[in-house]
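The residues making up each chain are set out below.
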Amino acid sequence: MIEINGWISINFSTDGEVELPSEVILEITQAVDALTDFNQFFKISSLNGLHFLSVGLCHNHDAGYSDLIYKLLTDICKRAPGTYGIVYIRNDEDVHDYNKFKVLKVARGKVSTEEDRLLSPCNPTIED
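Residues numbered from 1 in each chain as written. Predicted model: local features only at pLDDT ≥ 70, side-chain atom pairs only at ≥ 80, totals over all residues. Heavy atoms only, no water.

Participant: I'd love a proper account of the pattern of salt bridges, names of residues and values included.
Facilitator: A side chain with one charge may pair with a side chain of the opposite charge, provided their charged atoms come close. Overall, the coordinates contain 7 salt bridges when judged by the stated rule. Of the charged contacts, one joins Lys100 and Glu115 as a salt bridge, the two residues approaching to 3.3 Å between their closest N and O atoms. Here Glu115 lies in strand β6 (residues 110-115) and Lys100 lies in the loop between β4 (84-91) and β5 (101-107), a separation of 15 residues in the sequence. Among the residues examined, Lys100 registers a relative accessible area of 25% and is labelled partly exposed. (Salt bridge = Lys/Arg side-chain N within 4 Å of Asp/Glu carboxyl O. Helix = DSSP H or I, 4+ residues; strand = E, 2+ residues; numbered from the N terminus. Buried < 20%, exposed > 50% of the residue type's maximum accessible area, 1.4 Å probe, protein only.)

As structure tokens, then:
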């Protein structure tokens, strides 16, 4: 099973002073709206003038979903280089990392894969 949960704050600049252009948020919204598979949600919310993407996904097998998330985050960062946030990925079919989460860290418009120290190892940290 693959489980993906997280959030990002979509920002055009790292200083918070440059408003996200409407055409950029439209492009990102269109990319997110194209992801319409079952057992998942991608939601862009506008709160107090800021834009946030919430992600939730749970499928029986990866089937490329982890790559899709990485590509989506990378594409958003190209359009909005001040974007930041965290997305957790757990894939219990991963031969090497079946017992831990991977963390996609989004900061200053770059996506990196980080080790998780809060919920991993999954057994015994969160399950028996």
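Participant: Could you give me a rundown of the side chain of Arg90, with the residues and numbers involved?
Facilitator: With respect to the element layout, Arg90 can be found in strand β4. What makes Arg90 buried here is its relative accessible area of 13%. Side chain to side chain, Arg90 and Glu127 meet in a polar contact 2.7 Å long. Beyond its immediate chain neighbours, meaning those up to four positions away, Arg90 contacts Met1, Ile2, Glu3, Tyr98, Lys100, Phe101, Cys122, Ile126 and Glu127. (Polar contact = N/O pair within 3.5 Å; in protein donor to acceptor, adjacent residues only side chain to side chain. Contact = heavy atoms within 4.5 Å.)

Participant: Hey, could you go over the packing of aromatic side chains for me, with residue numbers and the actual values?
Facilitator: This model, assessed by the stated rule, comprises 2 aromatic pairs. Arranged with centres 6.1 Å apart and planes meeting at 85 degrees, the rings of Trp7 and Tyr84 form a pair that is edge-to-face. Within this pair, whereas Trp7 is found in strand β1 (residues 2-10), its partner Tyr84 is found in strand β4, the two being separated by 77 residues in sequence. Here Tyr88 and Phe101 contribute two aromatic rings whose centre-to-centre distance is 5.7 Å and whose plane-to-plane angle is 70 degrees, an arrangement assigned as edge-to-face. Here Phe101 lies in strand β5 and Tyr88 lies in strand β4, a separation of 13 residues in the sequence. In terms of burial, Tyr88 and Phe101 fall into one category: buried. (Phe/Tyr/Trp six-rings, centres within 6.5 Å; stacked < 30°, edge-to-face > 60°.)

Participant: I'd like a rundown of the environment of Phe52, residues and numbers included.
Facilitator: Considering the arrangement of structural elements, one finds Phe52 in strand β3 (residues 50-59). As a C-alpha pair, Phe52 and Gly64 span 12 residues in sequence and 24 Å in three-dimensional space. Excluding anything up to four places from it in sequence, Phe52 contacts Ile8, Ser9, Lys43, Ile44, Ser45 and Leu47.

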